[in-house]
Amino acid sequence: MEEISTVLAKQLPQEIIFEILLRLPIKSFLKFRSVSKSWLSLISSPLFNKTHVSFTLNNPKMTDFRLAVIASVSKLGRICNIYNMGFEKDSFFTVVKHSNPAKSLSLSAKILGSCNGLICLTSDRFTLMLFNPCTGNFNVFPDSMLKDNSGGCYVRYGFGYDSCNEDYKVVKIFSFPRAEGRYENMVKVYSLKAKSWSTVEGFNSGNINGKLGVFVNGALHWEACYNYCSSDSWEIVTLDLAAGQYGKIALPRYEDEGIYWTLGVSRGYLVACCNYEPKKADMWVMKEYGVEKSWTKLVTMSLPVDRRDYILPLFVTENGDEVLLQLGAELMQYSSRNASFKRLDFMSGDFRQVQMASYFESLASPHI
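If you're wondering where the values come from, they're calculated on a predicted model, not measured in any experiment.

### A look at the sheet that holds strand β10 (residues 183-191)
Right, on to step 1. Read across the open sheet, the 4 strands follow the order β8-β9-β10-β11; overall the sheet is antiparallel. Both outer strands of the open sheet, β8 (154-162) and β11 (196-200), are each paired with one neighbouring strand and no more. In this sheet, adjacent strand axes meet at a mean angle of 25° when their direction is disregarded.
Right, on to step 2. In this structure, β8 lies alongside strand β9 (residues 167-177), joined through 9 bridges in antiparallel fashion. Paired with Y154 across the two strands is S175, which belongs to β9.

### Describing the pairing of strand β4 (residues 110-115)
In summary, the side chains of a regular strand alternate between the two faces of the sheet.
Right, on to step 1. As paired elements, β4 and strand β5 (residues 118-122) share 5 bridges and run antiparallel to each other. Within β5, the position partnered with I111 by the bridge is L121.
Right, on to step 2. Connecting β4 to the next strand, β5, in antiparallel fashion are 2 residues, including N116 with a positive phi near 55°.

### Regarding the pattern of salt bridges
Right, on to step 1. Following the criterion strictly, the structure yields 9 salt bridges and no others.
Right, on to step 2. The salt bridge involving D143 is made with K172; its shortest N-O contact spans 3.2 Å. Of the two residues, D143 sits in the loop between β7 (138-142) and β8 while K172 sits in strand β9, which places them 29 residues apart along the sequence.
Right, on to step 3. Residue D143 is classed as buried on the basis of its relative accessible area of 11%.
Right, on to step 4. Relative accessible area serves as the criterion here: at 5%, K172 is assigned to the buried category.

### Concerning the confidence of the model for the protein
Right, on to step 1. Residues of the protein with pLDDT of at least 70 account for 78%, and the chain-wide mean is 81.
Right, on to step 2. Confidence, read as mean pLDDT per element, is least for helix α1 (residues 2-11) in the protein (55) and greatest for strand β13 (residues 214-216) (97).

### Quick word on the side chain of T122
Right, on to step 1. Among the structural elements, T122 can be located in strand β5.
Right, on to step 2. Among the polar contacts listed, one links the side chain of T122 to the backbone nitrogen of K110, at a separation of 2.8 Å.

### Some thoughts on the pairing of strand β22 (residues 322-327)
Right, on to step 1. When you tally the buried positions in β22, you get 6 out of 6 residues, the bulk of the element.
Right, on to step 2. The pairing of strand β21 (residues 311-316) with β22 spans 5 bridges and is antiparallel. From the neighbouring strand, P313 faces β22, where its bridge partner is L325.
Right, on to step 3. With 6 bridges connecting them, β22 and strand β23 (residues 330-335) associate as antiparallel partners. Note that in β23 the partner of L327 across the bridge is E330.
Right, on to step 4. Between β22 and β23, which pair antiparallel and follow one another directly, the connecting turn spans 2 residues, one of which, G328, has a positive phi of 70°.

### Describing the nonpolar core
Right, on to step 1. Counting 41 residues, the largest nonpolar core has L130, F159, Y168, V170, V171 and V187 as the members making the most contacts within it.
Right, on to step 2. At 4 residues, the largest contribution of residues to this core is made by β9.
Right, on to step 3. The residues touching F159, leaving out its near neighbours within four places in the chain, are L112, G113, S114, C115, L118, C120, L130, Y168, K169, V170, F215 and L220.

### Description of the packing of aromatic side chains
Right, on to step 1. Under the counting rule described, the total for this entry stands at 9 aromatic pairs.
Right, on to step 2. For the pair F18 and F48, a centre-to-centre distance of 5.3 Å together with 80° between the ring planes defines the contact as edge-to-face. Here F18 is found in helix α2 (residues 14-22), whereas its partner F48 is found in helix α5 (residues 46-58), with 30 residues between them in sequence. F48 matches F18 in its accessibility class, with the two residues each being buried.

### Some remarks on the sheet that holds β5
Right, on to step 1. Taken together, 4 strands build an open sheet; the order of strands is β4-β5-β6-β7 and the sheet is antiparallel. Strands with a single pairing partner mark the edges of an open sheet, and in this sheet they are β4 and β7. When strand polarity is set aside, the average angle formed by the axes of neighbouring strands in this sheet is 20°.

The rules we used
Residues numbered from 1 in each chain as written. Predicted model: local features only at pLDDT ≥ 70, side-chain atom pairs only at ≥ 80, totals over all residues. Heavy atoms only, no water. Pairing = 2+ DSSP bridges. Helix = DSSP H or I, 4+ residues; strand = E, 2+ residues; numbered from the N terminus. Axes fitted to C-alpha atoms, helices over the stretch in contact; angles between N-to-C directions. Salt bridge = Lys/Arg side-chain N within 4 Å of Asp/Glu carboxyl O. Buried < 20%, exposed > 50% of the residue type's maximum accessible area, 1.4 Å probe, protein only. pLDDT = per-residue confidence, 0-100. Polar contact = N/O pair within 3.5 Å; in protein donor to acceptor, adjacent residues only side chain to side chain. Core = buried A, V, L, I, M, F, W, Y, C linked by side-chain atoms within 4.5 Å. Contact = heavy atoms within 4.5 Å. Phe/Tyr/Trp six-rings, centres within 6.5 Å; stacked < 30°, edge-to-face > 60°.

Written as structure tokens, this is what we have:
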């Protein structure tokens, strides 16, 4: 392989080499950095990294997705592991431990979101971190803190990419309880390029249920509920990271009974799961972003009798036959072909709390 790549480096135009490398597994062209100085310069260039991310997003069939897991273990504090997530010929999921153990993460780490192959985490009480599990590179920066939080508040995060300004941004929402179940929200946005936090005004949402914003199509999305007693009180609140503007997306129609919505992203599509208490859940995907009529129900799942947690969608296959989801501290696979759940036992231990986020491998830099 090394001899072939050396010949290619000498005989092929740079433009052709560029296109070939884009289509190779990321581990391959990481090795090719040693072929020549020109290849090292090409693969390390911001243009190649940006183009590779764009190519990956536009070609999900050629993308190998990964799963980041952080778990709280009794007596051992917190552990962080990265897992490969793939498919066998029968389309079932396979999950195996990744070679990168993420040693740079602290025991207090919590996943805040993923985007373009980068994972955003809490590093410790006062800092946040962007981490690329593929390259091992990371960037630590200050979190936004309140000078006076004597009244108490709920905190929500989100992480995504502003393509117009080529800037990664972290959003932090402070929600202060007010009378009659209402909330007053203060929104802070960290710009990786500016290396500073700023305030975004104009957000007057009610109760944001989603702890973590889901990044799709340049915007962050949180599930929100304005009145738990009303069947029409749920919707999606959005924040466009480039324009700094808020928006709303209606959720699919649902039955008039006890529900709880959760959001996810799979292969670039917004996914919503309507959890009916306590018997079933409907999984939906928005086939055309922003078009409410494009909400398509993928499957209705009958849930285990002893289920106490809400389903969080992690990944859905293209035909919708297989769904990877988190149910409490467990990673589950649901097959619509035989309406069955399968627990994926890929970790051992007594876990109190588990966080999971899917991502794809890239060379995206946590520094700008």
